[in-house]
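Geometric and topological summary
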Amino acid sequence: WPLIGPYIERTPDLTRFTVSSPFKYPEEAFCIGSLAIDDFRDRNTQAQLQNGTWRKLEEVSGRPLELYMCGLTCRIPYLSLSRIKRRHLALVPHILATAQPEELELDIRGNFRLPLKDGPGCSMLKTLTVTMTIRRADSRMYLNGAMVRAPPSILEVAVSQITYFEAIPRYSCQQVA
């Protein structure tokens, strides 16, 4: 890690892949800047295009930065992005464009709009689960604001298939749509 070619060569029929780093800020742990992050992604992507990628991958989970650096080139039916923070929002559309998941789970840390855009990344989406951890007393306002700014195609999915969970330190409430 972070070069995944050897893992793909040793386990070509892998069905579940989880990237888990013990570092709170992986970009600092690897002493890398944005150029190095893109370099890791490019190297991983090129290795997969030249040597092949996982053929049976069904489920992938991890934080956006680590998954972005993996540069996965295969479609992923179930994708779980954990601990999404504002500084990594720009990476999410790139991950989704390749993965084209049917099921997407987003664990958002903060009060910002959903990191989803109309396009190929969300075209196959059937189920979306959003968990938002918000540090405000009036979390409902932020949750509603996040959905109002969501792309129209996501709102179509949201009508009956989005589950929201709002967690607030010392308080909690659950809303199912």
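Check the entry above for the structure.
Residues numbered from 1 in each chain as written. Predicted model: local features only at pLDDT ≥ 70, side-chain atom pairs only at ≥ 80, totals over all residues. Heavy atoms only, no water.

Broken down by element type, the protein chain carries 7 helices and 7 strands. Seen in sequence order, the protein chain has helices and strands lined up from the N terminus as α-β-α-α-β-α-β-α-β-β-α-α-β-β. Here the protein chain holds 177 residues, and the buried ones make up 42% of them. For the protein chain, the share of sequence-separated contacts (at least 6 apart) that also reach a separation of at least 24 residues comes to 65%. Carbon together with sulfur atoms contributes 51% to the accessible area of the protein chain, which is approximately 9700 Å² in total. (Helix = DSSP H or I, 4+ residues; strand = E, 2+ residues; numbered from the N terminus. Buried < 20%, exposed > 50% of the residue type's maximum accessible area, 1.4 Å probe, protein only. Contact = heavy atoms within 4.5 Å. Areas by Shrake-Rupley, 256 points an atom, 1.4 Å probe, with all protein chains shown as cover.)

A few words on helix H5 (residues 92–99). When H5 is considered as a whole, its buried residues turn out to be Val92, Ile95, Leu96 and Ala99. With its buried residues spanning 95° around the axis, H5 presents them on a single face. Buried residues in H5 make contact with helix H4 (64–70), strand E3 (78–84) and strand E4 (103–109). Backbone geometry just after H5 places glutamine 100 at a positive phi near 45°. (Arc of directions from axis to C-beta.)

So, about the pattern of salt bridges. Under the criterion given, the structure shown has 5 salt bridges. Measuring nitrogen to oxygen at the nearest pair gives 2.9 Å for the salt bridge that ties arginine 63 to glutamate 66. This pair shows no difference in class: arginine 63 is buried, exactly as glutamate 66 is. We note a salt bridge from glutamate 102 to arginine 75, for which the minimum N-O separation is 3.1 Å. Pair noted here: glutamate 102 is in the loop between H5 and E4 and arginine 75 is in the loop between H4 and E3, with a separation of 27 residues, a long-range link. According to the relative accessible area criterion, arginine 75 is partly exposed, its value standing at 31%. When salt bridges that share partners are traced, they join Arg75, Glu102 and Lys126 into one network. (Salt bridge = Lys/Arg side-chain N within 4 Å of Asp/Glu carboxyl O.)

Grouped together as the largest cluster of nonpolar side chains are 36 residues, with contacts concentrated most on Leu72 and Leu79. Listed by contribution, the elements that provide at least two residues to this core are helix H3 (34–51), H4, E3, H5, E4 and strand E5 (127–133). At 5 residues, the largest contribution of residues to this core is made by H4. (Core = buried A, V, L, I, M, F, W, Y, C linked by side-chain atoms within 4.5 Å.)

With that settled, the discussion passes to the packing of aromatic side chains. If you walk through the whole model with that rule in mind, you get 1 aromatic pair. With a centroid separation of 4.8 Å and 45° between ring planes, the pair formed by phenylalanine 17 and tryptophan 54 is classed as tilted. Remark: tryptophan 54 occurs in the loop between H3 and strand E2 (59–62) and phenylalanine 17 occurs in strand E1 (residues 16–18); sequence separation between them is 37 residues. As far as the burial class goes, phenylalanine 17 and tryptophan 54 line up, both buried. (Phe/Tyr/Trp six-rings, centres within 6.5 Å; stacked < 30°, edge-to-face > 60°.)

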